[in-house]
Amino acid sequence: MKRFSIFTSLLLTLFASNARVATAEPATFEVDDEHFSMVFEIMHIGYAPVMGMFRKVEGEFVYDEQSRELISGTLSFQSKSVFTNHEKRDSHLTGKDFLNSSKYPDITFTVTHYKATGKSTGVVTGDLNMLGQTKPVELDVTLNKAAEYPIGHEDYTLGISAKATLKRSDWGMTYGLDPALVGDEVKLRFGFEAVKDSGWF
């Protein structure tokens, strides 16, 4: 009888474990705007890179940790929130020569594909809409950590880093290219935390 109880217990444990795997499903993660940084870098007259960021962003994505499938996702930046620590330059960047914020207030990135390249790395392909034009962009992504948050909200959270390089002229932003006052190549680096939507628990 004792052996039967132990055997039954093992079967129930195995069944419960398999049931959890079988019922695992995609979850929605919301980008924590308090823990989000996106830095861009662009060369100025060949002397030194100018670095800046966008201070207002929101986004979310749907991710299946079991299958490591990124199903969908969007990031949206307010173009007028650009910041390079120089008021006159920031005003120029939001004008018609660059971001044209009055006409195009948002810059959006929409995920179209994800390919895992390692245990915690992958390439995210998406459409970047800027200045009314949409072009594909690839992001090299690293999952730094996935765990319940140790303080504050204590929700399950992903920590992510990403980087990409693009040419602003692909979106029609050609000011300063001739003569070479402002570089065409823009380097992007992201770092952010994304909190799991409790509605999926």
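Residues numbered from 1 in each chain as written. Predicted model: local features only at pLDDT ≥ 70, side-chain atom pairs only at ≥ 80, totals over all residues. Heavy atoms only, no water.

Considerations on the pairing of strand E9 (residues 156-167)
Line of reasoning, step 1. Note: strand E8 (residues 133-148) against E9, 8 bridges, orientation antiparallel. Across the sheet, the residue bridging to alanine 146 is leucine 158, located in E9.
Line of reasoning, step 2. Pairing between E9 and strand E10 (residues 185-196): 11 bridges, direction antiparallel. Bridge assignment links glycine 159 to a residue of E10, and that residue is glutamate 193. (Pairing = 2+ DSSP bridges. Helix = DSSP H or I, 4+ residues; strand = E, 2+ residues; numbered from the N terminus.)

What about a nonpolar patch on the surface?
Line of reasoning, step 1. Together, Ile45, Tyr47 and Leu181 make up a nonpolar patch on the protein surface, roughly 340 Å² of accessible area in all.
Line of reasoning, step 2. By the element assignment, leucine 181 lies in the loop between E9 and E10. (Patch = residues over 30% accessible without salt bridge, like charges linked within 9 Å, V, L, I, M, F, W, Y side chains within 5 Å. Areas by Shrake-Rupley, 256 points an atom, 1.4 Å probe, with all protein chains shown as cover. Salt bridge = Lys/Arg side-chain N within 4 Å of Asp/Glu carboxyl O.)

Some thoughts on the side chain of serine 81
Line of reasoning, step 1. Within the secondary structure layout, serine 81 lies in the loop between strand E4 (69-78) and strand E5 (82-83).
Line of reasoning, step 2. Assessed through its relative accessible area of 7%, serine 81 is described here as buried.
Line of reasoning, step 3. With sequence-adjacent residues up to four places away left out, serine 81 is seen in contact with Met53, Phe54, Arg55 and Lys56. (Buried < 20%, exposed > 50% of the residue type's maximum accessible area, 1.4 Å probe, protein only. Contact = heavy atoms within 4.5 Å.)

Looking at the nonpolar core
Line of reasoning, step 1. Ranked by size, the top nonpolar core spans 44 residues in total, and within it Phe36, Phe61, Phe77 and Phe190 carry the most contacts.
Line of reasoning, step 2. For this core, the element with the highest residue contribution is strand E1 (residues 27-44), accounting for 7 residues.
Line of reasoning, step 3. Excluding anything up to four places from it in sequence, phenylalanine 190 contacts Phe36, Ser37, Met38, Phe77, Leu139, Ile160, Ser161 and Ala162. (Core = buried A, V, L, I, M, F, W, Y, C linked by side-chain atoms within 4.5 Å.)

A few points about the environment of alanine 146
Line of reasoning, step 1. Turning to its location among the elements, alanine 146 is positioned in strand E8.
Line of reasoning, step 2. In this structure alanine 146 comes out as partly exposed when scored by relative accessible area, which is 34%.
Line of reasoning, step 3. Between the C-alpha atom of alanine 146 and that of alanine 194, which follows or precedes it by 48 residues, the distance is 9.6 Å.
Line of reasoning, step 4. Each residue touching alanine 146, except ones within four places of it in the same chain, is listed here: Glu65, Tyr156, Thr157 and Leu158.

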